[in-house]
Amino acid sequence: MNKYIKAIIFNLCFFGVNTLFFLVITSLAIKVMGEEFYGLWMILNAILLFSGVGTLNIGLVVNKFASEAGGHALPKGDILATGTVILLPMAVIVAGVLLLLRNWIAAKIQVAPDLQAQFSQAMLITAFSIFPQFLSKIPQGYLLSQIRNDIVRGVESASNILLWSGAVLIAWSSRNLFWMSLWALTVLVITMLIYFVYARRFGCRFGRLRRNVFERMIGFSGFAFLEMIAIALYQQFDRILVGFVIGPAAAGVYSVGTSIGLRLSIIIGQFTEVMIPYASRQESLAQRRTLLDAFRKLSRLISLLLAVISSLLIIWMDVILFLWISPVYAQKYTLIFRVLILAYTFLALARPGHQTLTGTGRVKFTSLVYLANSLFMLAGVYFFASQYGLLGAAGANLIMIGLLAYNVYVYAQYQRTNIWQALWADLRFGVFFPTLSLALTSWSDSVVLRSFASVCVITLVIIQIQRDLYFQDQIRMVLNRLFNKVFGHSI
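### Quick look at the overall build of the chain
(1) Moving on: Across its full length, the chain holds 20 helices and zero strands.
(2) Moving on: Of the contacts made within the chain by residues no fewer than 6 positions apart, 83% connect residues no fewer than 24 positions apart.
(3) Moving on: If you sum the accessible surface of the chain, you get close to 20,400 Å²; carbon and sulfur atoms cover 67% of it.

Structure representation (structure tokens):
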């Protein structure tokens, strides 16, 4: 597992960098752009990211098949060639759809005519941004299959910093969505080229098109595509929907709240992402018991992490928003952000099950469950946002607790007995403490009570870690490797 732990360490390091940048740039962007213009920029970003459904989740497909071992493994060069052939026509189709719909989408957003015109022009550039965005998925998936998380996360971080820094500077100097989207296109092209250069250095060579490779990849990709639609509906289209129903200013607030919530899923993803190649390898080698043990240990670790992180975020969200953005922002939106944190906690708890099932090829189940939950959630966003505004839209996200069906399915496949007891044993801390924190802050905002609750959560989690020798060993191993990497010696 050494290379997988090393990948987790790189993921965590770059997550820390990205989170620090996110905190700084979001506050600065809202101040420079204003709530309405920031909302428009976030809607434009959401459209670009939502368009990623057209990739058919090919990055995940490449990651899964290129990490397989044994006699049934496909030639890596053939995987890359087939993935490219699948992606190019999809990029043309998606770009064409954006070009056809750009004026209609701009007209649906309730802003001044000059901003509508800017938005329509920016959509033109966004359509061309589809091509580098799509093609980057091939080398990215290959690098992840080779456990080169350091390269992938480094390129992602640099790309994100370049994109947002340039966008804020352009907004400050010209306040023009067209130039901001043109800058985004430039960054995407550079990112794509860097990915291909690195992938080639680590053995990425294009092979031939073979029928059996195409059939296996497209069969897996079909359900992976459904899953990607579901993820995009939940994490991107909901922002667009809020913009249509309540307005761009509300969409901007909702985007900030969901971005904070998504950080929970992202930080947990730094641990669970390696389960895709690991589970794929263990399943192909018929190491089912080993896989189940790794899954359960990972689930317990994730639950403990979320118990602390989510609870503290919920308890102190008003103070965080007060210091981070403004006192007025904190007064208006604290409850909305707390509800979103709880909803994304449930999403993060489902990640070990989700990525374990994906790695073992059970993408049909994962895609259908995610799609069903996303559709119910979107219907809830539309209905409750219309009735109760932003709080209703935030509350609709709690529907995604249904994704815990992933974890249940893993137990059903690999354990078969005491499924619900195992689920509660592994996830109880991550479910109970954040839910209790939301109930506590809704009842009282006493600083003394919140401080006491924070100390209790941290203490109980520390006690639980001390009782589990596995966690102690893993934490010690991760810290030693991290110190070796940074300082050249162990602790």
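Having put the structure on the table, let's press on.
### Describing helix α14 (residues 351-359)
In an α-helix, one turn spans 3.6 residues; hence positions three or four apart end up facing the same way.
(1) Moving on: In terms of residue burial, α14 counts as a mostly covered element, since nine of its nine residues are buried.
(2) Moving on: Those residues of α14 not exposed but buried are R351, P352, G353, H354, Q355, T356, L357, T358 and G359.
(3) Moving on: Just downstream of α14, G361 is the residue with a positive phi angle, here 90 degrees.

### Regarding a nonpolar patch on the surface
(1) Moving on: Taken together, I93, V97, L100, L101 and W104 make up a surface patch of nonpolar side chains, about 530 Å² in accessible area.
(2) Moving on: Among the secondary structure elements, L101 is positioned in helix α3 (residues 76-108).
(3) Moving on: Taking the relative accessible area as the measure of exposure, L101 reaches 37% and is therefore partly exposed.

### What to know about the nonpolar core
(1) Moving on: If you look at the biggest cluster of nonpolar residues, it comprises 135 residues, and the most contacted ones within it are M33, F119, W164, M180, V256, Y329 and F337.
(2) Moving on: At 16 residues, the largest contribution of residues to this core is made by helix α1 (residues 2-50).
(3) Moving on: Leaving out residues up to four positions away in the same chain, V256 has contacts with T26, I30, Y38, W324, I325, Y329 and F337.

### Observations concerning the environment of I260
(1) Moving on: Counting through the fold element by element, I260 comes out in helix α9 (residues 248-272).
(2) Moving on: Spatially, the C-alpha atom of I260 lies 9.6 Å from that of L313, the residues being 53 residues apart in sequence.
(3) Moving on: Those residues within four positions of I260 in sequence are excluded, and the remaining contacts are F22, W324, F337 and I341.

### A closer look at the packing of aromatic side chains
(1) Moving on: This structure, assessed with the given rule, holds twelve aromatic pairs.
(2) Moving on: An angle of 70 degrees between the planes, with centres 4.8 Å apart, marks the rings of Y329 and Y333 as edge-to-face. One end of the pair, Y329, and the other, Y333, are both in helix α13 (residues 327-349), four residues apart, so they sit about a helical turn from each other.
(3) Moving on: For Y329, a relative accessible area of 4% puts it in the buried group.
(4) Moving on: On the basis of an interplanar angle of 15 degrees and a centroid distance of 4.0 Å, the ring pair of F365 and Y409 is categorised as stacked. With a gap of 44 residues between them, F365 in helix α15 (residues 363-388) and Y409 in helix α17 (residues 405-414) connect regions that are remote in the sequence.
(5) Moving on: Exposure remark for F365: the relative accessible area of 25% places this residue in the partly exposed category.
(6) Moving on: Aromatic rings pair up to connect Y38, W41 and W164 into one cluster.

The rules behind these values
- Residues numbered from 1 in each chain as written.
- Predicted model: local features only at pLDDT ≥ 70, side-chain atom pairs only at ≥ 80, totals over all residues.
- Heavy atoms only, no water.
- Helix = DSSP H or I, 4+ residues; strand = E, 2+ residues; numbered from the N terminus.
- Contact = heavy atoms within 4.5 Å.
- Areas by Shrake-Rupley, 256 points an atom, 1.4 Å probe, with all protein chains shown as cover.
- Buried < 20%, exposed > 50% of the residue type's maximum accessible area, 1.4 Å probe, protein only.
- Patch = residues over 30% accessible without salt bridge, like charges linked within 9 Å, V, L, I, M, F, W, Y side chains within 5 Å.
- Salt bridge = Lys/Arg side-chain N within 4 Å of Asp/Glu carboxyl O.
- Core = buried A, V, L, I, M, F, W, Y, C linked by side-chain atoms within 4.5 Å.
- Phe/Tyr/Trp six-rings, centres within 6.5 Å; stacked < 30°, edge-to-face > 60°.

Function cannot be inferred from these measures alone, as they are strictly geometric.
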